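Listed below are the residues making up each chain.
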Amino acid sequence: MTSPDCRPGQPPATTIERQYPKKNSPGNVTWESGTNRSYTTGSSSGYTASDTWK
């Protein structure tokens, strides 16, 4: 399992990938299922991403 790229201060027009960690009922922490989430930053200095849980 590799760590996702989700750092603040990404340059404009940069594609980043990420996954969220999740904890199951016994307390084990794993990455969420499925493929990495992908997002391309906008052309300005501010941007917002909106996600749903998998």
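Residues numbered from 1 in each chain as written. Predicted model: local features only at pLDDT ≥ 70, side-chain atom pairs only at ≥ 80, totals over all residues. Heavy atoms only, no water.

**Student:** Outline the overall build of the protein, supporting the account with residue identities and numerical values.
**Tutor:** When you go through the protein residue by residue, the secondary structure sums to zero helices and four strands. Relative to its full complement of 54 residues, the protein shows a buried share of 15%. In the protein, once contacts between residues fewer than 6 apart in sequence are set aside, the share between residues at least 24 apart is 33%. Carbon and sulfur atoms make up 53% of the accessible area of the protein, which totals about 4200 Å². (Helix = DSSP H or I, 4+ residues; strand = E, 2+ residues; numbered from the N terminus. Buried < 20%, exposed > 50% of the residue type's maximum accessible area, 1.4 Å probe, protein only. Contact = heavy atoms within 4.5 Å. Areas by Shrake-Rupley, 256 points an atom, 1.4 Å probe, with all protein chains shown as cover.)

**Student:** Requested: an account of the pairing of strand β1 (residues 15-18), with residues and values cited.
**Tutor:** Burial along β1 is one-sided: I16 and R18 are buried, while T15 and E17, pointing the other way, are not. Sheet analysis places β1 next to strand β4 (residues 37-40), joined by four bridges and oriented antiparallel. Paired with T15 across the bridge in β4 is T40. (Pairing = 2+ DSSP bridges.)

**Student:** Lay out the pattern of salt bridges in plain terms, naming residues and giving numbers.
**Tutor:** Across all of its chains, the model carries one salt bridge by this definition. Across the pair R37 and E32 runs a salt bridge whose closest N-O atoms are separated by 2.7 Å. Given a relative accessible area of 9%, R37 falls into the buried group. The class for E32 is buried, based on a relative accessible area of 3%. (Salt bridge = Lys/Arg side-chain N within 4 Å of Asp/Glu carboxyl O.)

The values reported here are purely geometric and, on their own, carry no functional implication.
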